[in-house]
Every structure is written in structure tokens, then in C-alpha cells.
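For reference, the chains in residue letters:
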Amino acid sequence: MTLFHFQGTSVIQVTASDADDPTYGNSAKLVYSILEGQPYFSVEAQTGIIRTALPNMDREAKEEYHVVIQAKDMGGHMGGLSGTTRVTITLTDVNDNPPKFPQSVYQMSVSEAAVSGEEVGRVKAKDPDIGENGLVTYSVVDGDGMELFEITTDYETQEGVVKLRKPVDFETKRAYSLKIEAANVHIDPKFISNGPFKDTVTVKIAVEDADEPPMFLAPSYIHEVQENAAAGTVVGRVHAKDPDAANSPIRYSIDRHTDLDRFFTINPEDGFIKTTKPLDREETAWLNISVFAAEIHNRHQEAKVPVSIRVLDVNDNAPKFAAPYEGFICESDQTKPLSNQPIVTISADDKDDTANGPRFIFSLPPEIIHNPNFTVRDNRDNTAGVYARRGGFSRQKQDLYLLPIVISDGGIPPMSSTNTLTIKVCGCDVNGALLSCNAEAYILNAGLSTGALIAILACIVILLVIVVLFVTLRRQKKEPLIVFEEEDVRENIITYDDEGGGEEDTEAFDIATLQNPDGINGFIPRKDIKPEYQYMPRPGLRPAPNSVDVDDFINTRIQEADNDPTAPPYDSIQIYGYEGRGSVAGSLSSLESATTDSDLDYDYLQNWGPRFKKLADLYGSKDTFDDDS
């Protein structure tokens, strides 16, 4: 068997050994690799070393070589045996080739509507080397579009990707040129003499026109208008144009979400903004709206701009007191000297701007400029003091003074208003401290002391309590149980006792004869009053002592109540039938018998039979009661 061995990087040594049967090595193969650029190889017969024999072997031209090696014994003489093997030699790559662009100029295009970061196109430099020797990086080295375009490297495809850095404008510039360089990432110093390992190419980029929205000539607008200006006053103008070459007409409109009160309107053709109603600066000093500009042929292409409108001040508000002032002055006599201190110091407030407000001027009206009681001194600092001209103020004579004061502002023309200051005359102590400003209380104190006032108030409260108790008791008074009708109701009874006969079938009967004559004369007996006689307890129903059982006590009381005819409720009997006068029996009512002094003897009822036994027992008990009493 023949064995082969690799020796070195530029040569190959092959060794053969005889194993009696050299044919074993006929099918053996070896694969070796050497760097490209080495001299061509050759085989030395004695040593079995394979050497390169030609210089500059190029992998890019041919990467593999196949060599058949024969080995003979006996020094190669006749009769010797031989063996062969196949050797494959592969050239490994080195970075000996720079990248090259296949063309000198690339043409690309981009729309002016493209956004930043959008891809414009790709370029690729070819490098025959492989692996890391073939890695290429791209960069923009020159051109008028360096600020608008950039290039990045796609390492998977080894391409340079041209991207848009900033938006372009077709109407401003329609074409740009870039100079792009491709260079190897890894460079082998052994082959630096082969030249620069980089290449450049020109990229021309054309800008395509796109339908763009209108553009306002300014990013925002500020206009002014005076307050109270009449409707239709021009505030200002906004202007936009179509940046496209077609120069489409523009139409303007106001975003009504920013003008809910519809203070403004705009001319759709020329963009002039006008007022629709007078404006009040004191209510709103600034108004902010938005205006749209859209192409007339394509309403979707529109732009928006903010418009701020300042309402200029007009002197339309007169100054007024800054607060509800009220002055106080102590009552005094004529001999007491006047104080140099003001009664009250006043100031003013004006809703207008400072240009039409302060400074304020305070004075008395012309008709009372010589007021004998008070005067106003302007401090020239937008305040004024009110002073007394005399002494001897008395609450009994006059406890309240109303002083009109005129306040004027510094506007053009000036505005003024008359404000009334209230001055009260008050009682003070020796140090000038206020005690009371109530004239009525002062008068009452002169005649009545505090104790007298408290006594009067206490009497009034007691009288009110008595009246309330009297009304309450009146409401609790019991009303009679039964209310009798004062009117005498009469009825007609119509009888139908014939089957026919016309009007003769009916006969009316007057029941007036059944009425009690006593009722006709105005006497109506009352049956709902307590009987006059006293009920005497029956024998055996004595009150139970407190020590007995409660159940027995209650049952005893129930029996007494049930058997007591004088206990309420009392009988009330209405008599509907009258037996007539002169009856021997008279009335059979037990109530009438109980409430009269009749001496009739009812013993005859015992002879009327068992049906009248109950009545005989009831009316016969009177003697029993008398005997018991």
C-alpha cells in the first residue's frame, strides 16, 4: 500500500511504500490546497515532492487541478512494480481583486411626494473574491444631492441602497447627481500593489412631479381688528398657492370647529377675512381660528394654517369704584377741630386696556362742587381721599349722607361715571373708635334702659305663649257624638194596588200624622245623655281587693260595666211611630222611664204573662234600689 503525505504550503511531498502488492495504491486519491498566486507545481522523481512550476496561479481563472502520481520500485528499472494515485489541488482565495461597478452611470427617479427614508434605488459593485475578501461597503463621496440622499449597504446581497434623506421638490429642482464609492472591507497588504481596492460610479436621480396640496405663503398669520367694529369689517388676508406646475385654483374656508360662535367669514376666492358681528375686547382679547386652502379640482389636496386675531381696545367702559366703599364719621360738636385724616380712601377700576384706563381723575359733580359737608382730594396715583369740611355731625339730625363722586379715565375720548359713596354718622368713644352707627338704637337708649327693653320683650313672649296654649286647648274640645238634622224630612208613599185604571190607581198618603207633636212644637227629646239616677252595684259585685288575682279583678270589672246602664255609650232612640195622646199605657221606653219621676205602678206587668216577665223584673227593681239606698 502506498501512503501520501502533505509537506509545506508551496510544495507537496508524496511517499510510496512497497507492500508486495503495489496495486493496492492504484485507487487512492489525495486532495490538497495551496494559495493562489504560487508558482506552478512539478514533481521531483526521487523525493516525491510536488512543486509549483509557474508563477501567479489565479483562483478566479481555475480553482482546482487534478494530478496523477506514479511510484515505481527497483529504482524505476525494468521488472519493477509501480503504483498510481490521483491528487486534487485546490487554490484558496486571497483578496487580490478590487470591487468594480459593471457600469459607469446609474439612472434613478424619485417622486416629490416621497417621504424621508424611502428607497430610491440600488447599485452593486462586483468583486470576484469570495468570503470576507469579497465584502464591499458603499458611501456617497460627492454630488449636489449629498444633503438630500444617503446610501447604506445590504450585506446579504452586497448592494448599496440609495435612500431619500429629505423631501425633494419638483418645482425647485428636477434632477440630482451623486458620486458613490464601493470599497473592500478587508484589504491584504501583500496585494496592495495591485491598486486601490475601491471603485466609484455616478448616480443620476430625476425628481418626478406629484400632485401636492396648496402651500400658504406664511406658516401662520396675525391680524388685528378694533372692538365694536361693524359687521363686515376686513380683518386681514391669507394667501396660498398650488406648488404644482398645473397651478390649480385655490378655495379658502374657515374651520368652524375653531370658530364656534361664527365671528368671522372668509372670501373663498381671495382669502379676505371679515367680521360677522361686533367684537368685545373685554370679553375676548384674542381669537384663534384655522383656515383651509384646497385645490378646486381636487378637494382632497388641502392645507391648513393658524390665524390669530387680536381685538384692539376702544375706550368704551367708564371707570367705577374698585369696591363697594362705605365711609364712617364720628358725631361731634362744632367746637371740636376737624381731623386731617380722610374718611375713606377710594380707587377705581376700568375694564379697558391700560391705554384707555388709568390715570383716573376723581372729583365732585359741578352742581355740588362747593358741598358744605365733604370734599374729594385726588392723590394723583389713581386714588382719592374723602374729607369732612366741618364738624358737628349728629345722628339725631342726619345719620346718613350720600356723596356722588365723578371718576374719569385717561382714554381718548375720556369716559366718566358718577358713583355714590355712603357715609354714616356713628357714635365713637374718646379715642375715635366706632361704637354704634344705628340711629334708631341711639334714640331708644335715650329713654329706655337695656333692662326695660328686655322686660318688654319678655312680656311679649309670655303673651304669645298664652295665646298658643289657648288655641291648642280649644282644638282639643270634644264635639257632640250625634248631630241632629234641623230639617224635618217628609216622605210620600205611593201605593199601586190596582192592575189598571189610569190616574185613579195612585193614592198619596201624608205621613205627617205619624210625627210626634212634641217635635213640631220644638221639643225633641234627647236620648244620648247620661241617665240622672245613680247605679248602685248589685249584691255580690263588690270591688276586689288589690291582693287578689288579676284575672279575677278584670272579670269583675267587666261584669260591672256590662250591668251598669249609666255607663257610656248611652242609648239613642229615634221615634218613628206615635201612638197618639191619651194612651193609658203611655210610652214603653225604658229610657223615658228612667229619666222621669213617674209614680206608675208596673206590677200589673206580672199579669201579662211570661213574655212580659222581663219588663216586670226590670221596672220592679226600682223599689229594691230605693230600699238599698
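Worth saying up front: this structure is predicted, and the values here are computed from it rather than measured.

Peer 1: So what's going on with the overall build of the protein chain? Which residues, and what values?
Peer 2: A count of helices and strands for the protein chain gives seven helices and 33 strands. Looking at the protein chain residue by residue over its 629 residues, the buried ones come to 30%. Here the protein chain displays about 41300 Å² of accessible surface, and carbon together with sulfur accounts for 54% of that area.

Peer 1: How would you explain the nonpolar core if you had to name every residue and give the values?
Peer 2: Membership of the largest hydrophobic core comes to 25 residues, with the highest contact counts inside it found for Val110, Val123, Tyr138, Phe149, Ile180, Val203 and Ile205. Looking at this core, the elements with two or more residues in it are strand E7 (105-111), strand E8 (119-123), strand E9 (136-143), strand E10 (149-154), strand E11 (159-164), strand E12 (175-184) and strand E13 (198-208). In terms of nonpolar packing, the next biggest core, distinct from the first, is built from 24 residues, Val238, Val291, Val307 and Ile309 among them.

Peer 1: Which residues make up unusual backbone geometry, and what values do they have?
Peer 2: That bond from Ile412 to Pro413 is cis: its omega, -10 degrees, falls within 30 degrees of zero. Turning to its location among the elements, Pro413 is positioned in the loop between strand E29 (400-408) and strand E30 (416-428). The backbone of Asn228 shows a phi angle near 65 degrees, a positive value even though the residue is not glycine. Inspection of the secondary structure assignment puts Asn228 in the loop between strand E15 (221-226) and strand E16 (234-237). The phi torsion at Arg262 lies on the positive side, around 55 degrees, for a residue other than glycine.

Peer 1: So, the pattern of salt bridges: which residues are in play, and what are the values?
Peer 2: Summed over the entire model, instances satisfying the criterion amount to 15 salt bridges. With its nearest N and O atoms 3.7 Å apart, the salt bridge here joins Glu224 to Arg310. Of the two residues, Glu224 sits in strand E15 while Arg310 sits in strand E22 (residues 302-312), which places them 86 residues apart along the sequence. Note that Asp259 and Arg256 form a salt bridge whose closest N and O atoms lie 2.9 Å from each other. By relative accessible area, Asp259 is classed as buried at 3%.

Rules used in this analysis
- Residues numbered from 1 in each chain as written.
- Predicted model: local features only at pLDDT ≥ 70, side-chain atom pairs only at ≥ 80, totals over all residues.
- Heavy atoms only, no water.
- Helix = DSSP H or I, 4+ residues; strand = E, 2+ residues; numbered from the N terminus.
- Buried < 20%, exposed > 50% of the residue type's maximum accessible area, 1.4 Å probe, protein only.
- Areas by Shrake-Rupley, 256 points an atom, 1.4 Å probe, with all protein chains shown as cover.
- Core = buried A, V, L, I, M, F, W, Y, C linked by side-chain atoms within 4.5 Å.
- Salt bridge = Lys/Arg side-chain N within 4 Å of Asp/Glu carboxyl O.

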